[in-house]
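A closer look at the structure
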Amino acid sequence: MNSQHGVAPEQAEDVAGFLALMRQLKDETGLTYRQLEERAAEQGSVLARSTLADVLNGRSLPRPELLSTFVRACGAADREASWLRAREALAEPPTPQPTPPTPAARRRRIPRLPLLAGLAVVAVLAAWALTPRTSGHPTSAPPQQAVAAPAVLPTGWVRIRPVTAPGLCLTDGRVRDQRYTPLVAVQRPCAEAGPQATLLEPLGGDEYHIQWHHPDYGKGCLKALPDGPGVGLLEPMDDCTQGSHFHVEPSGPAGSGTYVLRVDGQGCAGIAGDGTGPGTEAVMAHCVGRGGQVFFVEPISRPTFSAP
C-alpha cells in the first residue's frame, strides 16, 4: 500500500522532533496502538503496542527494526528508507571524553577541595535543621483526588494502594528483572499512574474483576498467571473472560478501607517482598493478610478519557 501521508521525517531537527513526527504519522492513520499491532502481525512482523507506546511517549530514538515495522504498519512503506535515514542522522555520536586537567590545573584545584567540602557539609546541615520533621515516608501522602476511605467496599472507578507504601498505586509497569515482557501490575507513584484507570466490576458475592482502562490499550482484566515465565504475576487480559475472580475481603479494623485480594487456589495478591519502592511488582503468594498483601481501595472520579 502506497503512503499518502505528508509527514516528512527529514524535517526533524532533534530526537523530540523525530518522535513528534512519528506520533503525527500514527495520528494521520487514525489507528490505535492495538490496530497497529494487528496490522504488523498481518505483515509478518511484531509490534507490541506497549513497546510502541513507550517509544512514542519516551525521549529516545526507536530501534531501526521497530521503526521500520511501525512505518510499514502505518502504510508508509514507500517512505521507510527516508525514516531510517532521518533516524540515522539524529543518532547521537559517542560522548567525547573530557580532557584531563593539566598538572598545573590540578595543583590549583587541590587546595580548594577541603574548603568546598566543608561548605557543602554546613549547607546540608543547615537545610536539615530548617526542614520540618515529619513521621511519614516522603511518598506516604496520597494524592488529593481520592475521597476518604469508605466504610464499605466501593465499586466502579477506584484507586488501589498498598498499606506498606500508601503513596504508591497499583498500576501497569514492567518486571524489574525483565524475566517477563508484557505489562503487569506494579506499584508506582499515584501521580504517575495515569492515564490508566482501575474499575472494580462486581461478579456476585465478594468476587470482582479488576479492570484496567487505558486510552490506547483499551480494557483489560487482571489475571493471576498460574504458570509459565510470568507465573504469579498479574497481567491484564483483553478478553475479560480470562480475568481472575478476585475475592475482595476486608482486612483490619472495621471501616479502615483496607482489603486483601484473594484468588481461589492461587493465594493473595501482594507486593513482592513487601517492597516499598516504585516499580515493585505485585505477585500471588500464600495468604497472610498483612504487610504488602493489604490494600486501601478508594473511590475516585470517573476518568475523562474515552477508552477504545
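In this report, the structure presented in the accompanying data block is examined. Every chain is numbered independently, its residues counted from 1 as its sequence is written. Local features are withheld for residues below a pLDDT of 70 in this predicted model, meaning they are given only at 70 or higher, and side-chain atom pairs are given and counted only at 80 or more; totals for whole chains, interfaces and linings count all residues. Working from all heavy atoms in the structure, the side-chain values ignore hydrogens and water.

Turning next to the pattern of salt bridges. For side chains of opposite charge, pairing can occur when their charged atoms come near one another. The term salt bridge refers to a side-chain nitrogen of Lys or Arg lying within 4 Å of a carboxyl oxygen of Asp or Glu. Inspection of the entire model under this criterion finds 15 salt bridges. Among the salt bridges present, the one from Asp238 reaches Arg34, with a minimum N-O distance of 2.5 Å. Taken as a pair, Asp238 in the loop between strand S7 (234–237) and strand S8 (246–250) and Arg34 in helix H2 (residues 33–42) lie far apart in primary sequence, 204 residues in all. Only protein chains enter the calculation, and the probe is 1.4 Å; a residue is then buried if its accessible area is under 20% of its type maximum, exposed if over 50%, and partly exposed in between. Taking the relative accessible area as the measure of exposure, Asp238 reaches 40% and is therefore partly exposed. Through salt bridges with shared partners, a single network forms among Arg34, Glu37, Arg49 and Asp238. Numbering of helices and strands runs from the N terminus; a helix is a DSSP stretch of H or I covering at least four residues, while a strand is a stretch of E covering at least two.

With that settled, the discussion passes to the packing of aromatic side chains. Each pair of aromatic rings taken from Phe, Tyr and Trp, with Trp reduced to its six-membered ring, is defined by centres within 6.5 Å and is described as stacked if the planes are under 30 degrees apart, edge-to-face if over 60, and tilted in the remaining cases. Applying the stated criterion to the full structure yields two aromatic pairs. With a centroid separation of 5.5 Å and an interplanar angle of 75°, the aromatic rings of Phe18 and Trp83 are classed as edge-to-face. Linking Phe18 in helix H1 (residues 15–29) with Trp83 in helix H5 (residues 80–90), this pair joins segments that are 65 residues apart in sequence. Here Phe18 falls in the buried class, since its relative accessible area comes to 0%. For Trp83, a relative accessible area of 1% puts it in the buried group. Above the plane of the ring of Tyr33 lies Lys26, whose end atom (NZ or CZ) is 4.6 Å from the centre. Sitting over a ring, as applied to charges here, requires NZ of Lys or CZ of Arg to be within 6 Å of the ring centre and within 35 degrees of the ring normal.

In this structure, Cys287 sits in the loop between strand S11 (282–285) and strand S12 (295–299). Look at Cys287 and you get partly exposed, because its relative accessible area is 30%. Residues Cys287 and Val260 lie 27 residues apart in sequence; the distance between their C-alpha atoms is 8.7 Å. Any pair of residues with heavy atoms lying within 4.5 Å of one another is described as a contacting pair. Cys287 has contacts with Arg262, Gly267, Cys268 and Gln293, leaving out every residue within four places of it along the chain.

Bringing the side chain of His247 into the picture now. As for its placement among the helices and strands, His247 is situated in strand S8. The class for His247 is buried, based on a relative accessible area of 8%. N or O atoms within 3.5 Å of each other form a polar contact, as long as, within protein, one can give a hydrogen and the other can take it, and as long as residues adjacent in sequence are counted only when both atoms are side-chain atoms. A polar contact of 2.7 Å, which involves the side chain of His247, links it to the side chain of Asp206. Looking at His247, its side chain comes within polar contact range of the side chain of Asp264, at 3.0 Å. Contact partners of His247, with chain neighbours within four places excluded, come to Asp206, Glu207, Val260, Leu261, Arg262 and Asp264.

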